[in-house]
Amino acid sequence: MGASFVFGVGCILLPLIAWSVINQEWEYTLPLLNIVYRPWRLFIVVCGLPSLVCGIALLYFPESPKFLFSRGHEQETIMIMHKMYRWNTGRKGPKLALTSLLQETEAQQTKIRREETANNKSVLRLLKQMWQQTAPLFMGQYLKRTTIICVLQFGIYLTSNGMYMFFPDILNRIAELEVQGVDRTTICQAVYATQVDISQLQQHDVNATALPEVCHQKLDISAYEHSFVLETIYALGFAVIGLIINAVGKLPILVFIFGFCGISGILIVFIDLPLLAIWFYVILLTCGFCISVVNACTVDLFPTNLRAMAVCISLMFGRLGSVVGANIVGFLLDSQCELTFWISGISLIGCGVLSFFIPNIYKRNALEDRISISSR
């Protein structure tokens, strides 16, 4: 949950950066690429820089000691633990007195060493390792667990990322109607009333100077304000969840968030007060809180040697949900806007029901505050 909180704090900066970059007036023509370089293109570059820096930083990040030890690399594990101790104490504390670790049973260690020896002699070592880490997740007792967490992550990302992609655009459309004096309208009515005429786009060349008059190059300030509020809610919400998860357990949190967000998504279709509808939209997008909670469930459901791969597989299905959600909303928004919110609301309520079937979800223990991976 700590990692999720830091992620939320970082996202607070995103609307501020967007506002400072996208709403600028400059533009440059790049004849070589045959494009007009505008502020929104620069914003994409700025958003990509942190990932580049993090990718480089990971090259200097040590492997998990627990994982290394489970693979029989005791000395490497001890070295990394000494390094972590120095980082955490700032070289000011007493020297860590650690020379050996408690081994697993000899039978387990022998099996690991034999597998590593066989793999090192094979040209297909990498593929075998991938298979050995992935295949067990879809076999025996782990099949049900893997299926549930993958479906949950798919459903969460379907809404939290798929619907979020069009959040600024929808807010911008509502702002357009408010400027025209329209006080009462549903979100979908605002979408229908502000559709871009496709025939206008077809009449202009992609590089024509008239194209910016058809396609919006800026966003209304309300889009940045509500995005900032949403990210602030995320940062605070992750902190609260981290504090209460041990006391209340994961299931009540999942059911509450899925149910509340799902109902909010359905109500958006009927609310004709724009500001109230926007707040319900914000609530709908907070379903992303469940990503870290499901990750915490995943950590508890699988043994050490399968845990990392289980989280990766579930998040892979989550990212697939982002792609599917964004394409569904993009395809239906201008013609069947109400259906997009119905799909999001019902899918979240379904995920809430599915949460009851997570194995051991009713148990609460001291390990439930583990830091889990989060990516919205």
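Residues numbered from 1 in each chain as written. Predicted model: local features only at pLDDT ≥ 70, side-chain atom pairs only at ≥ 80, totals over all residues. Heavy atoms only, no water.

**Points about the overall build of the chain**
Move 1: For the chain, the helix and strand inventory stands at 17 helices and 2 strands.
Move 2: A burial count over the chain gives 41% of its 376 residues as buried.
Move 3: Sequence separation of 24 or more characterises 76% of the internal contacts of the chain that already satisfy a separation of 6 or more.
Move 4: Accessible area for the chain stands at about 20,900 Å²; split by element, carbon and sulfur atoms hold 67% of it. (Helix = DSSP H or I, 4+ residues; strand = E, 2+ residues; numbered from the N terminus. Buried < 20%, exposed > 50% of the residue type's maximum accessible area, 1.4 Å probe, protein only. Contact = heavy atoms within 4.5 Å. Areas by Shrake-Rupley, 256 points an atom, 1.4 Å probe, with all protein chains shown as cover.)

**Concerning the confidence of the model for the chain**
Move 1: With 82% of its residues at a pLDDT of 70 or more, the chain shows a mean pLDDT of 81.
Move 2: Within the model, pLDDT remains below 50 along residues 206-212, and this stretch shows 8 contacts once partners closer than five positions in the same chain are excluded.
Move 3: Low pLDDT, under 50, characterises residues 366-376; the stretch is placed with 39 contacts to residues that sit more than four places away or in other chains. (pLDDT = per-residue confidence, 0-100.)

**A closer look at the side chain of Thr286**
Move 1: Tracing the chain through its elements places Thr286 in the loop between helix H14 (274-285) and helix H15 (289-301).
Move 2: At 2.5 Å, the side chain of Thr286 forms a polar contact with the backbone oxygen of Ile283.
Move 3: Discounting chain neighbours no more than four positions away, the residues touching Thr286 are Leu230, Ile233, Tyr234, Ile257 and Cys261. (Polar contact = N/O pair within 3.5 Å; in protein donor to acceptor, adjacent residues only side chain to side chain.)

**Overview of the packing of helix H7 (residues 141-160) against helix H16 (residues 304-332)**
Move 1: Viewed as axis vectors pointing N to C, H7 and H16 meet at an angle of 35°, and their least axial separation amounts to 7 Å. The two elements H7 and H16 cross, and the hand of that crossing is right-handed.
Move 2: Looking at the contact of H7 with H16 residue by residue, the class counts come to 14 nonpolar, 6 polar and 1 charged. (Axes fitted to C-alpha atoms, helices over the stretch in contact; angles between N-to-C directions. Left-handed = near helix turned anticlockwise from the far one by under 90°. Nonpolar A, V, L, I, M, F, W, Y, C, P; charged D, E, K, R; others polar.)

**Things to note about helix H4 (residues 74-89)**
Move 1: In this model, H4 (16 residues) spans 23 Å end to end at C-alpha, consistent with the 22 Å of a helix rising 1.5 Å per residue.
Move 2: Tucked inside the fold, the buried residues of H4 contact helix H3 (65-70).
Move 3: Phi turns positive one or two residues past the end of H4, at Gly90, with a value near 65°. (Expected span 1.5 Å × (residues − 1).)

**Side note on unusual backbone geometry**
Move 1: You will see that Asn34, though not glycine, has its phi angle at about 60°, which is positive.
Move 2: Summarising the element assignment, Asn34 is placed in the loop between strand S1 (28-30) and strand S2 (35-37).
Move 3: Asn34 sits in the exposed class, given a relative accessible area of 54%.
Move 4: Of note in this structure, Asn360 is not a glycine but carries a positive phi near 60°.
Move 5: As for its placement among the helices and strands, Asn360 is situated in the segment after helix H17 (337-354).

**Notes on the UniProt feature "transmembrane region" (unreviewed entry) in the chain**
Move 1: Here the UniProt-annotated "transmembrane region" (unreviewed entry) positions come out as residues 42-61, 148-167, 228-246, 253-271, 277-297, 309-333 and 339-362.
Move 2: Along residues 42-61, the helical share is 85% and the strand share 0%, with 30 Å between the first and last C-alpha atoms.
Move 3: In residues 309-333, the share of helix is 96% and the share of strand is 0%. The end C-alpha atoms are 35 Å apart. (UniProt positions renumbered as here; feature names shortened; annotations may be inferred.)

**Observations regarding the state of the cysteines**
Move 1: The tally for this structure, following the rule as stated, stands at 1 disulfide.
Move 2: For Cys188, the disulfide goes to Cys337, at an S-S distance of 2.2 Å. Here Cys188 and Cys337 share a disulfide; its torsion about the S-S bond, -75°, makes the bridge left-handed. Separated by 149 residues along the polypeptide, Cys188 in helix H9 (residues 187-193) and Cys337 in helix H17 bring together distant segments of the chain. For the pair Cys188 and Cys337, one class covers both residues: buried.
Move 3: Between Cys290, a cysteine without a disulfide, and Cys261, which holds the nearest cysteine sulfur, the sulfur-to-sulfur distance is 6.7 Å.
Move 4: Cys290 provides the cysteine sulfur closest to Cys297, a residue in no disulfide bond, and the two sulfurs are 9.6 Å apart. (Disulfide = S-S within 2.5 Å.)

**As for the pattern of salt bridges**
Move 1: This model, assessed by the stated rule, comprises 5 salt bridges.
Move 2: A salt bridge links Arg173 to Asp169; the nearest nitrogen and oxygen atoms lie 3.1 Å apart. Linking Arg173 with Asp169, this pair stays in helix H8 (residues 167-179), spanning 4 residues, or about one helical turn.
Move 3: Across the pair Asp272 and Arg184 runs a salt bridge whose closest N-O atoms are separated by 3.0 Å. With Asp272 in the loop between helix H13 (250-267) and H14 and Arg184 in the loop between H8 and H9, this residue pair connects regions lying 88 residues apart in the sequence. (Salt bridge = Lys/Arg side-chain N within 4 Å of Asp/Glu carboxyl O.)

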